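Okay, here's what each chain looks like letter by letter:
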Amino acid sequence: MTQLPGTLAAHPRRQRQLLEEHHGPFNKVSRNPPSHILPPYSLTSLTALRDFSLPTVSTPPRTPLPFFHLIERLKTTPREGWRRFPDINRVESISDHMYRMSIITMLAPPSVTEGLDIPHCTKMALVHDMAESLVGDITPQDGVPKEEKMRRESDAMDYLCDTLLGAWGGGNQGQEIKRIFLEYEEGTTEESKFVHDVDKIELLLQMIEYERRGEGDVDLVEFLPTAERIRGEGVKAWAREILEERDMFWRDVHARRDSLGNDEAT
Ligand code: ZN
C-alpha cells in the first residue's frame, strides 16, 4: 500500500499539504477535501460510525434493524463526483444511482440478456455501492490510493455483512450480499462486466440530465470518456444514443445564444 511521507497525526491543513505533495493538487473546484478522505489512512467502520453518531455493534444482533438503519446513509449521502460543480443543485444520492441501475438491468437489450442471469445483475446493481454507506463516495479527484479505497470498502462490507447481519438467518443472506459485492469488485464474470457497463450508462444519463437542468450553464464534458470505457456492444449502443441527445442539446443552446447575440447587435 502507498505510504505517505512524514508524520500524519498533524493539523488537517498539514495533512492535506502532505496528501497533495504525494498525489498532486486537489481539483480546484473542491476547495477542501471531505474529511473522510484525509490521512492518516486508519479509518475503520467503527470510527466512521462514531463520526456519523451511529451506535456501534460488536456482536451480531438478532435482528437486521441496525443494518437497515445504517443503509439509510445510502439515501442521504450524495454522489460526490457531481458536488465539485457548484451549479448543480440537488445532487442525487448513492441509493438513487443504484435504484436506476437496478431498473436498467431489468431492461437489458436481448443481445445482452442471452446467457446472463438478470435477477443476479439486478441484485448486484442494488449492492455494488453499499460500502459507501460507511466510507462515503470516494472519487478519483480525492487522491485516495486505490488500495486504500478497496481496504476501506472491504472493511465496511465485513462490518455490514459479518457483524450486522452475521446472526440473521444464520448469516446466509449477509454472506450472499458480500459475495455479490466481491463479484462486482473483481469484475470477471459476465454479469459483473454488464453491471459495470450499466454503472457507466447511469452516469451518462445523469450527466445529460444535469446539463439540461443547467440550461447551458453546466458543461460536464469531462465525463464523456466514460462512454469509451463501456465494453458490451448492446450497452455501447445506448451510450451512442445518449451522446446524440447531448449533441442535440448543446446545438440548441448555441443556436439560442447566437440568436440572442444577433438580437442584441441589431
Ligand atoms: Zn455505482
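For the structure itself, look to the data block above.
Residues numbered from 1 in each chain as written. Predicted model: local features only at pLDDT ≥ 70, side-chain atom pairs only at ≥ 80, totals over all residues.

A.B. asks: Before we move on, can you summarise helix 12 (residues 190-213) with the specific residues and values?
C.D. replies: Spanning 24 residues, helix 12 covers 35 Å between terminal C-alpha atoms, matching the ideal 34 Å at 1.5 Å per step. Glu215 occupies a position one or two residues after helix 12 and carries a positive phi of about 50°. (Helix = DSSP H or I, 4+ residues; strand = E, 2+ residues; numbered from the N terminus. Expected span 1.5 Å × (residues − 1).)

A.B. asks: Residues and numbers for the environment of Gly214, please.
C.D. replies: As for its position among the elements, Gly214 is in the loop between helix 12 and helix 13 (225-228). Its 16 C-beta neighbours within 10 Å are what place Gly214 among the partly exposed residues. Residues in contact with Gly214, not counting those within four places in the same chain, are Asp87 and Ile88. (Buried ≥ 20, exposed ≤ 12 C-beta atoms within 10 Å, placed from the backbone. Contact = placed C-beta atoms within 7 Å.)

A.B. asks: Run through the nonpolar core, naming residues and quoting values.
C.D. replies: Grouped together as the largest cluster of nonpolar side chains are 45 residues, with contacts concentrated most on Leu160 and Val198. Element by element, the count of residues in this core is highest for helix 12, at seven residues. (Core = buried A, V, L, I, M, F, W, Y, C linked by C-beta atoms within 7 Å.)

A.B. asks: So what's going on with the environment of Thr56? Which residues, and what values?
C.D. replies: Note on placement: Thr56 falls in the loop between helix 2 (45-51) and helix 3 (65-70). Spatially, the C-alpha atom of Thr56 lies 9.6 Å from that of Leu164, the residues being 108 residues apart in sequence.

A.B. asks: So, helix 11 (residues 172-186): which residues are in play, and what are the values?
C.D. replies: Compared with an ideal rise of 1.5 Å per residue, which puts 15 residues at 21 Å, helix 11 spans 21 Å between its outermost C-alpha atoms and is within 8% of the ideal. Regarding helix 11, the residues found buried are Gly174, Lys178, Ile180, Phe181 and Tyr184. The arc that holds the buried residues of helix 11, viewed along the axis, is 160°, so those residues lie on one side. Within helix 11, the exposed residues directed more than 90 degrees away from the buried face are Asn172, Arg179, Leu182 and Glu186. Of the surrounding elements, those touching the buried residues of helix 11 are helix 8 (118-127), helix 10 (146-164) and helix 12. Following helix 11 by one or two positions, Gly187 adopts a phi angle in the positive range, close to 65°. (Arc of directions from axis to C-beta.)

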